[in-house]
Structures are given as C-alpha cells and as structure tokens.
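This is what each chain is made of:
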Amino acid sequence: MPTTATADQPTATVLTDQEREVLYAIGCGMREGEIAAALAVPEHAVAERLGRILAKLGLRDRAAAIVHAFDCGLVIPGQGPRGHTVTAAPRITVRRAVPVPDPWLRISVLGPLLAWQAGRPVDLGPVRQQAVLAVLALCPDRAVSQQELLDGVWGMAPPIGNVVPVYIYRLRKILRLGDSPESVITRDRCGYRFARNAVEVDVARMEELVSAAGAAERAGDLAEAVRACSRALDLFRGEPLAGLPGPFAELERLRLAERRIALAQRKLDWQLRLGQHREAIAELSALTVAHPQNEPVAAMLMCALHRSGRRTEALAVFDRTRRHLADDLGVAPGELLRRTRQVVLRENDVERDRTRTRAAR
C-alpha cells in the first residue's frame, strides 16, 4: 500500500468537505481532541473520518496523511503548524468550537433496559411498559404503529383493553424534554417515535464503532480496528433486553447476541493476524465454552494455542468440539476445523523430525 496518494489526484475530487477539514487539521499537527473541538463534532467522529480518508486515498497511517496534506497543497509549510490558529483550508470552513449538545435521553438495551435523563437514572415502570419503550428505541428511524407495539410486546395474547396508549402516556410523562412540557416521544399519523436528536441508544453507538473498525481495517490499521471493536463489545452489559417480554424483545435478544459473537470473532481474527496469539487465548477459550458448537471459534483457538507452542491443547480443542458436534447435532467437524487440525499435526510431525535429527548428530 502506498505511503501517500499521488499528487495528480486532487483531494477535493476524492474527499467530502468534512473529510478535507479533518485532513487539513491533521496536516497542521492537531490531535483528535483538538480537531473535535475546532469542528464542534464528537471525537469519535474525527477518528471515523480519518479512517475514511486513509481508505479513500490509499494511505497507510496518520503520518502518511500529514505528508499527503502537504503534497497536494492543502497545507502550506509555515502557514498552519501546531500552535497557530486554524482558520480555513482551501475550500474549507472550520467552524468555531461550540459545545456539542448531549442527547436528553440515553437508553441502553445491551443488557437489562436502562435509561438516563440528563444524566440521571429513570424509573421506567413495569416490564410491559419497558418493552414498549424498547420497541421505540430499536426502531429509531421511523414511527411505530399501535398495532406493531401490540404485536411486538403481547404477540398472540393481546391484552384486554386499549393499554398501549396508557403505557405511551406514562412514558411521555416520565420522559420530558428538558424543563418543557414536551416529551421525547412524539406522535404522528403513522404512530410513535422519538424526537429528533433527543435520544441516544447504545446500539447506534455500537454500530458507529463497528463502522470505524471496518474503516481502520480497510486502511490497514488492524490495531485501531481491534481497539474500536473492543469499545463496541464493552457496551454489552449482559444479555440484551434481559427479562423483557414479547416476541420483539426475544427476536432482538437473539439478533444482538449473534451480533456480539460475530464482533468478538472479528476482533479476535484481527488479533491473530497481528500475532497477538497469547492475548487472544483467554477470550477464545471463554467463547468455546459458551458456544461449544461454533467451529470458526474453535479453529481460531486451535490456531492461537498452536502458535503459542501449546499444540497438545490445540488438538484437545478439536477432539472436544468433535464430541459436541456428534452428541448435540449428529454431524462431523467441517472442513475448516479438519484443515486446522491437519496444520497442527503436520507441524508437529516436522518438529518431531527436527528433534530426531538433532539427537542423531
């Protein structure tokens, strides 16, 4: 991958205005926190834009981005070094730093449902009422009809009476928008939804971090990809939507649990590619205990153990997984697991031959 993009490809034709702002500031020597303050955006948004810049321009790392900012004329030597006031780059308007307003309501569904209003915990009422709120939280970009709420929270056993408007009324009273009489829950002809920019849900933050991890991977920065993915996984506080009733909560529990496993596998794969075999073993071992039929996880654990010199344990993982597959599903190990076992056995044989050769000398 090249160190810097070619100068005959103008940055303006490749990057958005927001990305050009970030590239200019990086060329001036500013760090993420300073850029975030100057552009009045969250710091994680700066990291995400930097990841996209590196991917679009084919740059290896931050240092290459600084070089490119000078090469393409975006930053002129002596006119924007660290410590000077950043005013404007070509075709760039750097906004004055202003506080970024926090959302009034924060909702966490990656564990038991919790909410904080202006930083204070909120009592969300009975579990069915919480389940209604969870549906709104996980459908943030559209209105949810009364019938959808009935189907999602009560399923095939609808309640006696028109209880959905009652629960919505209670939630609207609890979740006021600041000191005004308005609620964070609004209503239109299609149903109920959250007021714009008033609510932050941890699932959305998780997906932002996953996107940042993907951008870092595409830019060749696997260490940053691991860090972003780890931060996404840290948002989980246990079983998603634990204890909430209804088919909607059940389906979302399954979806988010699968998402968590997939993210963990992705992060661990990057760690193995970085050579962090010993660091990955503990987490891989825990995953194989929790999901004994997951062959990709078992194969990664075998690889990590094998590369750490623990070949006997790696072969034991294969035997254990094979038994689980046979006993629980009545199937044999797939090609990935068999191929991983062959690699371990083959390198074991090579090592034994080397040992015998040295002993015979």
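This one's a predicted model, so the numbers in the text were calculated from it and none came from an experiment. (Residues numbered from 1 in each chain as written. Predicted model: local features only at pLDDT ≥ 70, side-chain atom pairs only at ≥ 80, totals over all residues. Heavy atoms only, no water.)

A. Main features of the overall build of the protein. Each helix and strand counted, the protein has 14 helices and six strands in total. Per-residue burial for the protein yields a buried fraction of 43% across its 361 residues. In the protein, the proportion of contacts linking residues at least 24 apart, taken out of those at least 6 apart, comes to 65%. In the structure as shown, the protein presents an accessible area of about 19,200 Å², 52% of it carried by carbon and sulfur atoms. (Helix = DSSP H or I, 4+ residues; strand = E, 2+ residues; numbered from the N terminus. Buried < 20%, exposed > 50% of the residue type's maximum accessible area, 1.4 Å probe, protein only. Contact = heavy atoms within 4.5 Å. Areas by Shrake-Rupley, 256 points an atom, 1.4 Å probe, with all protein chains shown as cover.)

B. A look at the side chain of Thr-340. Here Thr-340 lies in helix H14 (residues 335-360). Thr-340 has contacts with Ala-299, Met-302 and Cys-303, leaving out every residue within four places of it along the chain.

C. Region of the structure containing the packing of helix H1 (residues 17-27) against helix H3 (residues 43-57). At their nearest, the axes of H1 and H3 sit 9 Å apart, and the two run at 95° to each other. Taken together, the axes of H1 and H3 lie roughly perpendicular to each other. Listed contacts from H3 to Gln-18, Glu-19, Glu-21, Val-22, Leu-23 and Ile-26 of H1 are Val-46, Arg-49, Leu-50, Arg-52, Ile-53, Lys-56 and Leu-57. For the contact of H1 with H3, a count of residues per class yields seven nonpolar, one polar and five charged. (Axes fitted to C-alpha atoms, helices over the stretch in contact; angles between N-to-C directions. Parallel < 35°, antiparallel > 145°, perpendicular 65-115°, else oblique. Nonpolar A, V, L, I, M, F, W, Y, C, P; charged D, E, K, R; others polar.)

D. Focus on H1. With nine of its 11 residues buried, H1 lies for the most part within the structure. Each element contacted by the buried residues of H1 is listed here: helix H2 (32-39), H3 and helix H4 (62-71). Downstream of H1 by a residue or two, Gly-29 has a phi angle that is positive, lying close to 90°.

E. Quick peek at the layout of surface pockets. Here the second largest pocket defines a volume of roughly 370 Å³. If you trace the second largest pocket, you find 21 residues lining it, with Glu-32, Ala-47, Leu-50, Asp-221 and Glu-224 closest to the centre. When residues of the lining of the second largest pocket are traced back to their parent elements, those giving at least two are H3, helix H8 (202-218) and helix H9 (222-234). Per-class residue counts for the lining of the second largest pocket are nine nonpolar, two polar and 10 charged. (1 Å grid on protein atoms, 1.4 Å probe; cavity = no way out; pocket = protein on both sides within 12 Å on 5 of 7 lines; lining within 4 Å. Points joined across faces, edges and corners; volume = space filled by probe spheres on them.)

F. View of the sheet that holds strand E1 (residues 105-108). The four strands are arranged E3-E2-E1-E6 in an open sheet whose pairing can be described as mixed. Edge positions in the sheet fall to strand E3 (120-121) and strand E6 (199-201), since each of these pairs with one other strand and no more. In this structure, strand E2 (residues 114-117) lies alongside E3, joined through two bridges in antiparallel fashion. In the sheet register, Trp-116 faces E3, and the bridge partner there is Pro-121. Relative to the sheet, H8 contacts E1 and E6, its axis offset from that of E6 by approximately 60°. (Pairing = 2+ DSSP bridges.)

G. Seen up close, H4. The set of residues buried in H4 consists of Arg-62, Ala-64, Ala-65, His-68 and Ala-69. Projected down its long axis, H4 carries its buried residues within an arc of 150°, all on one side. Contacts from the buried residues of H4 go to H1, H2 and H3. (Arc of directions from axis to C-beta.)

H. Representation of the packing of aromatic side chains. Across all of its chains, the model carries one aromatic pair by this definition. With 6.0 Å between their ring centres and 5° between their planes, Trp-154 and Tyr-167 make a pair best called stacked. On the criterion of sequence distance, the pair formed by Trp-154 in helix H6 (residues 146-154) and Tyr-167 in helix H7 (residues 163-174) is long-range, its members being 13 residues apart. Its relative accessible area of 11% is what places Trp-154 among the buried residues. For Tyr-167, a relative accessible area of 15% translates into the label buried. (Phe/Tyr/Trp six-rings, centres within 6.5 Å; stacked < 30°, edge-to-face > 60°.)

I. Focus on the nonpolar core. Membership of the largest hydrophobic core comes to 78 residues, with the highest contact counts inside it found for Ile-107, Val-109 and Phe-194. Ignoring sequence-local partners within four residues, the contact set of Val-109 consists of Ala-137, Leu-138, Asp-202, Val-203, Pro-240, Leu-241 and Leu-256. One finds Leu-15, Val-41, Ala-45 and Ala-65 within the second-largest nonpolar core, a separate group that totals 25 residues. (Core = buried A, V, L, I, M, F, W, Y, C linked by side-chain atoms within 4.5 Å.)

J. Molecular detail of the confidence of the model for the protein. Scored by pLDDT, the protein comes out at a mean of 82, with 83% of its residues at no less than 70. The spread of mean pLDDT over the elements of the protein runs between H14, the lowest at 69, and helix H5 (residues 127-137), the highest at 96. Every residue in residues 1-12 scores below 50 in pLDDT, and together they form 27 contacts with partners more than four places removed in sequence or on other chains. (pLDDT = per-residue confidence, 0-100.)

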